[in-house]
Amino acid sequence: MLSLEQEIGAWDSVLLEPLSEDIFISNLQQRFKRDHIYTYIGNILISINPYKKLALYSADLAATYAKRGPFQLPPHIYAIAGSAYRWLNDRNEDQCIIITGESGSGKTEAARIILQFLVLVSGINSEVKLTKDRLVQANTLLEAFGNAKTLRNDNASRFGKYLDIEFDYKGDPIGGHLMNWADIHLLKGLKLQRNVEHYAILQAEGNYPTQTEEEDRQLFLYTRSALDVLGFSVEEVVNIFRIIAVVLKLGNLQFVPCNNIDGTEGCSINNDYELYDICELLGAEHRWLQRALTSRHIDDGILADLNAHEASRTRDVLCKTLYSRLFTWLINRINDIIKSKHLGKRKVLGVLDFYGFEIFEKNGFEQLMINYCNEKLEQFIISATLKDEQEEIIKEGLEWTRIEYFNNINICQLLEHENHGILPLLDESHVLCDQTYLTRVEQCCAGHSHCLVADPTLPTLSFQIRHFAGSVTYTVRGFVEKNRDQLPRELSRAMFRCDHTLMQSLFPEGNPKRCTLKRTLSVSNHLQVILNSLLKSLTGRQSHYIRCLKPNELKQSRIFEVALIQHQVRYLGLISTVQVWRTGFCYRLSFPQFLCRYKLLCCHTWPRWRGSAIEGVSVLLRSLPIPSAEFTFGRTKLFVRSPRTVFELEDFRRSRLHDLALLIQKCYRGYRQRRKYQKMKHSQMIIASAWRSWRAKEEFRILKHRKETEWAAKIIQRHYIQWKRRQFFLQLLKALTPETESPICREWPISHPKLYETNIILCKLYHRWRCHKYRLKFDQTSRNRMREKVTASFIFKDRKSSYPRSVSHPFLGDYVRLRQNIQWKKICLETNDQYVVFADIVNKIARSSGKFVPILLVISTRSMLILDQRTLQIKYRVPASEIYRMSLSPFLDDVAVVHVRASSITNAETASATSDTTGCLFQSDLSKKKGDFVFQTGHVLEIVTKLFLVVQNAVGKAPEVNITTEFETNFGSQTVTFTFKCTGLPEVQPGQIRVLRKGNKMEVLV
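If you're wondering where the values come from, they're calculated on a predicted model, not measured in any experiment. (Residues numbered from 1 in each chain as written. Predicted model: local features only at pLDDT ≥ 70, side-chain atom pairs only at ≥ 80, totals over all residues. Heavy atoms only, no water.)

J.: Whenever I open this one, the packing of aromatic side chains confuses me. Can you help?
T.: Here the structure, examined in full by the defined rule, presents 27 aromatic pairs. Between the aromatic rings of Phe967 and Phe978, the centroid separation amounts to 5.9 Å while the plane-to-plane angle is 5 degrees, which identifies the pairing as stacked. Here Phe967 is found in strand S28 (residues 966-971), whereas its partner Phe978 is found in strand S29 (residues 974-981), with eleven residues between them in sequence. With respect to class, Phe967 is no different from Phe978; both count as buried. An aromatic cluster of at least three residues, connected via ring pairs, comprises Phe365, Tyr437, Phe463, Tyr474 and Phe479. The ring of Phe232 has Arg333 lying over it, and the distance from NZ or CZ to the ring centre is 5.3 Å. (Phe/Tyr/Trp six-rings, centres within 6.5 Å; stacked < 30°, edge-to-face > 60°. Helix = DSSP H or I, 4+ residues; strand = E, 2+ residues; numbered from the N terminus. Buried < 20%, exposed > 50% of the residue type's maximum accessible area, 1.4 Å probe, protein only. Lys NZ or Arg CZ within 6 Å of the ring centre and 35° of its normal.)

J.: I would appreciate a short explanation of helix H23 (residues 643-735) in the present structure.
T.: One full turn of an α-helix is made of 3.6 residues, so residues set three or four places apart face in the same direction. Taking 1.5 Å of rise per residue, the 93 residues of H23 would be expected to cover 138 Å, yet its terminal C-alpha atoms sit only 113 Å apart, more than 12% below that figure. Among all positions in H23, only Pro643, Thr645, Val646, Phe647, Leu649, Glu650, Arg653, Leu660, Ala688, Glu698, Phe728 and Leu732 are buried. Sitting at the amino-terminal end of H23 is Ser642, which places a side-chain oxygen 3.1 Å from the backbone nitrogen of Arg644. (Expected span 1.5 Å × (residues − 1). Polar contact = N/O pair within 3.5 Å; in protein donor to acceptor, adjacent residues only side chain to side chain.)

J.: Honestly, the sheet that holds strand S15 (residues 470-475) in this entry has me stumped. Any pointers?
T.: Either a parallel or an antiparallel arrangement is found when strands of a sheet pair, and the pairing is made through backbone hydrogen bonds. Read from one edge to the other, the open sheet built from three strands follows the order S13-S14-S15, with strand pairing classed as antiparallel. Looking at the sheet topology across the chains shown, the edges are occupied by strand S13 (451-453) and S15. Going from strand to strand, the sheet's axes swing by 20 degrees on average, the running direction of each strand aside. Here six bridges tie strand S14 (residues 462-467) to S15, and the two strands are oriented antiparallel to one another. When the bridges of S15 are listed, Phe463 appears paired with Tyr474. (Pairing = 2+ DSSP bridges. Axes fitted to C-alpha atoms, helices over the stretch in contact; angles between N-to-C directions.)

J.: How should the pairing of strand S22 (residues 863-867) be read in this particular structure?
T.: Where a strand is regular, its side chains alternate between the two sheet faces. Counted residue by residue, S22 has five buried out of five residues, so it is predominantly covered. Looking at chain direction, strand S21 (residues 852-860) and S22 are connected through four bridges and run antiparallel. Pairing of Leu857 across the sheet is with Ile866, part of S22. Counting the residues in the hairpin turn of S21 and S22 gives two residues. Alignment of S22 against strand S23 (residues 874-879), held across five bridges, turns out to be antiparallel. The residue of S23 that forms the bridge with Leu865 is Arg877. The turn joining S22 and S23, which pair antiparallel and follow one another in sequence, is formed by six residues; a positive phi near 60 degrees is taken by Leu872.

J.: Help me understand the packing of helix H11 (residues 365-395) against helix H18 (residues 523-539), please; the structure alone is not making it clear to me.
T.: In a packed pair of helices, the relevant descriptors are the angle between the two axes and the axis-to-axis distance. Contact pair H11 / H18: the axes reach a minimum separation of 11 Å and the direction vectors enclose 20 degrees. When the interaxial angle is binned, H11 and H18 end up roughly parallel. As for the relative orientation of H11 and H18, their crossing is right-handed in sense. For the pair formed by H11 and H18, the contact residues are Phe365, Met369, Tyr372, Cys373, Lys376, Leu377 and Phe380 on the first element and Val523, Ser524, Leu527, Gln528, Leu531, Asn532, Leu535, Leu538 and Thr539 on the second. (Parallel < 35°, antiparallel > 145°, perpendicular 65-115°, else oblique. Left-handed = near helix turned anticlockwise from the far one by under 90°. Contact = heavy atoms within 4.5 Å.)

J.: Help me understand the pattern of salt bridges in this model?
T.: Side chains that differ in charge, positive against negative, can pair when their charged atoms come close. Per the counting criterion, the structure on display carries 38 salt bridges. Here Arg570 and Glu21 are joined by a salt bridge, their closest N and O atoms 3.0 Å apart. Of this pair, Arg570 sits in helix H19 (residues 562-571) while Glu21 is found in helix H1 (residues 21-33), placing the two residues 549 residues apart along the sequence. For Arg570, a relative accessible area of 51% translates into the label exposed. The residue Glu1003 makes a salt bridge to Lys998 at a minimum N-O spacing of 3.7 Å. (Salt bridge = Lys/Arg side-chain N within 4 Å of Asp/Glu carboxyl O.)

J.: So what exactly am I meant to see when it comes to helix H3 (residues 77-91) here?
T.: Helix length check: H3 (15 residues) gives 21 Å between terminal C-alpha atoms against 21 Å at 1.5 Å per residue, within 8%. Two residues or fewer past H3, Asn92 is found with a positive phi of approximately 55 degrees.

J.: Help me understand the confidence of the model for the chain in this model?
T.: Atomic detail in the predicted coordinates should be set aside for any region of low pLDDT. Chain-level pLDDT for the chain is 84 on average; 91% of the residues reach the 70-or-more range. Mean pLDDT values for the elements of the chain range from 35 in helix H28 (residues 908-914) up to 93 in strand S2 (residues 44-48). In the predicted structure, residues 182-194 sits below a pLDDT of 50 and forms 47 contacts with residues beyond four places in sequence or in another chain. Of the regions scoring below 50 in pLDDT, residues 904-928 engages in 28 contacts with residues more than four places distant in sequence or in other chains. (pLDDT = per-residue confidence, 0-100.)

J.: Please clarify how the nonpolar core should be interpreted in this entry.
T.: Generally speaking, nonpolar side chains in soluble globular proteins are found buried as a group. One finds Phe24, Phe232, Ile422, Tyr437 and Phe463 to be the most contacted residues of the largest nonpolar core, which totals 180 residues. The biggest single contributor to this core is helix H10 (residues 308-338), with 15 residues. Judged by nonpolar contacts, the second largest core, of 35 residues, contains Val837, Val878, Leu947 and Val951. (Core = buried A, V, L, I, M, F, W, Y, C linked by side-chain atoms within 4.5 Å.)

J.: Would you mind showing me how to read the packing of H1 against H19 here?
T.: Orientation of H1 relative to H19, taken along the N-to-C sense of each, is 120 degrees, at an axis distance of 11 Å. Taken together, the axes of H1 and H19 lie oblique to each other. Like other packed secondary-structure pairs, H1 and H19 cross with a definite hand, here right-handed. On H19, the residues that touch Glu21, Phe24, Ile25, Leu28 and Gln29 of H1 are Val562, Ile565, Gln566, Val569 and Arg570. For the contact of H1 with H19, the class distribution of residues is six nonpolar, two polar and two charged. (Nonpolar A, V, L, I, M, F, W, Y, C, P; charged D, E, K, R; others polar.)

J.: Which parts of the structure should I look at to understand the sheet that holds strand S17 (residues 587-590)?
T.: If you walk across this open sheet you meet the three strands as S17-S19-S18, and the pairing is antiparallel. Since the sheet does not close on itself, it has two edges, and those belong to S17 and strand S18 (631-633), each with one partner. This sheet shows a mean twist of 20 degrees between the axes of neighbouring strands, independent of strand direction. Direction of pairing for S18 relative to strand S19 (residues 637-640): antiparallel, over a ladder of three bridges. What sits directly across from Thr632, in S19, is Phe639.

J.: Sorry if this is basic, but what is going on with the side chain of Asn27 here?
T.: Within the secondary structure layout, Asn27 lies in helix H1. Dropping the residues within four chain positions of it, Asn27 is found in contact with Gly9, Ala10, Leu16 and Thr39.

J.: Is there a simple way to explain the environment of Arg787 in this structure?
T.: By the secondary structure assignment, Arg787 is in helix H25 (residues 780-796). The class of Arg787 is partly exposed, set by a relative accessible area of 40%. It is 117 Å that separates the C-alpha atoms of Arg787 and Asp90, two residues lying 697 residues apart in sequence. In contact with Arg787, not counting residues within four places along its chain, are Leu949 and Asn953.

Shown next as structure tokens:
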């Protein structure tokens, strides 16, 4: 759990008591040994480079510092970044974080941590995530191409980097912009490849140990990944690495002197194969590039050869220019990628990562430029934190004891004064060599308190400047040439004519169509313009400061060199800063601005204060739970002493804004719902009125239309029905052809569903009519046969399996032509059986064995007779009145049983006397002996039908026809049960039957 109580020493230097330089440094040392590398001076952060990785950075910790004020938690770089981010969102003011310190003090790492914090605490949607990834990878790419290893720093920034991050109203990053205002260091220290010994340009000041091969590979993968995330195409990546390879190979070119024919000195390239490789990488002609490197143009187009020294110098200028312009192209390309696409007002938070102050054994033009930038930045910080602060307190009429501090404004004027400044002297037209320049410096700057020239203790061609961070001796050798930094026109044209994609954009002055006489700015002049523009933009922003200190020169952890820290504390003016914070104020606002911002905290000043601003501020402060000693009234402004008080005010305001937002939401929602209700009510009344009017008219119209429709529908329906009927009858008339007059014809036309019942009735009527018409064609015989067929249908349909086969066969009756037999005619006169209804040979089934015995069966209109088939002698005669039942099976067999009534013994004489048949064979005794008649014939259905009709005509009542698989028969003295079985026995052939007698049972196997 983070807590200020766990801090070692004083976490804020303002709390040191008593205050002295020794106590201040001792507090830093005590905290450094316990890995507390951050310490406050008010809202200024002191950061000491630990030279090792510490577990001080995580997403959870960043979220904690983003939610709470900086003085509620231990000192941390997250607190400074969180304060800037909070001020950006709460006050809608542009912010800037300025990181200063000498080379090796950890400025680059601090800038990286700040960027990491802003990425962690902002939004997480896909668009914002892409923007954050690009910002992080842009920083990675710039470090890969712009940082290098020096004597004092393993990852020294060789360029000035200022990153503006643009935020929307929600506090999410939507874009950014990079500014690099100087690439002022030679490529001697760049570590671009593992085997640096193969490249002369990397060996000029000796070989330094590089990273391991695995670390080099990992860093290269990071660089490639950054290029991919930023959206560089494969072609662009290849072109970038080609230019880097060209720079390395250009540094390997060796020029050897030679004598020309005219006696002048010239040179030639010793390792021409390197030049061929360069031409292949650039897509250039070998002769063009060789001519540009070894000769120069004089007036009127005359070529003059360069000697070996001049050619080497031209080569170095080309290397530097090529890499410098590639780096500038990268900056512009990244700015195009990360720039915001959103329109409207945007808030900006800038992070300034400045290269540190440098002092080497040999200091040249590059060190002068770097130290000049540090002087300007230090002068800006001194003015903001010490000079302007004290002047404003005095101006407001507050009691104040002036605190002395070192002001380096004299050093800045020494360097940049328009008439006799050290840098403007380089741009004088008559200064053409280093010696002339040193003479001009001696003439203009001799006697200056911070400049030493022409002193015997100084080396030749040197002068010394007492900077705010220490005295530095500069060697002027190469100053004039490096300041002009002009690439010969021949080289520019040669580069422009290359086939490489980027060459025309990197060397636009090489275009032969472009003619300009405008003089380009020198390096020093260009640097002053950009630096002044940067400082001007910082003036209008709320600045937050991080002062980075280097604990030792060995770049090792846990070593705290007191002398080195003391030197840095002194030239950074940290003790003076602590004194100002101890006795001064951290925050100030004019009375109207303070009242406008915080009036919502008091019910007397909110929502509107009608008195003067100072009275309103007094009323407001009396209502706050903050000691009055924290506030001091000036003439026009209110001063706040402690940063903690400022953050308490902001917390109160944030809480009050939340309450007011809820109130506004409540009122607005009520207003919106009330307006919505009123609008809906008014609309409902209008709609209801219009709807009622419309409904009345519509009901009348519908009623009128309905009546008209019903009337028209009835008329149309009546005519349509009549027409459909007529059409139906006409179609029916056409469909009823002579072929349909047959009673067996099933064809009948389909009608409309509405005429379905009519169609059925007509179909029945027509069928009866054609049947009647068909019957009218019959003679008496045909009518009798039809009557018999109809009777057979009533008796056997759906009861006897063999019935369907008999339908198509007519009942002939006399199959043996008995009616024409003369003998039969004599017999029928005796028996009174004149008309033969049926006559055929049938098989009588023996009662004892079940065998078939052929006999002649004759049915007349009065009786059933059984005759001998040869002699026609009557064996039995059964009157029709004695037959009461006929039994059959439902199977396909042709067996039938005729049941005959058995007369009692006592009534035998009566029966004989009353018998209508003379000579009847069935006397009482005979009937007892014979019983029922069992026979088999193929005309069994015809026999049963005709016998049914004969019995019905004789007695006036239809006999019973029993169709079942089991029934009883009377065989005279005993009763026998007939059972019919349908089986698949092999002894019974298909279509045949077998009769078996088993006691009182007789089985018929079908």
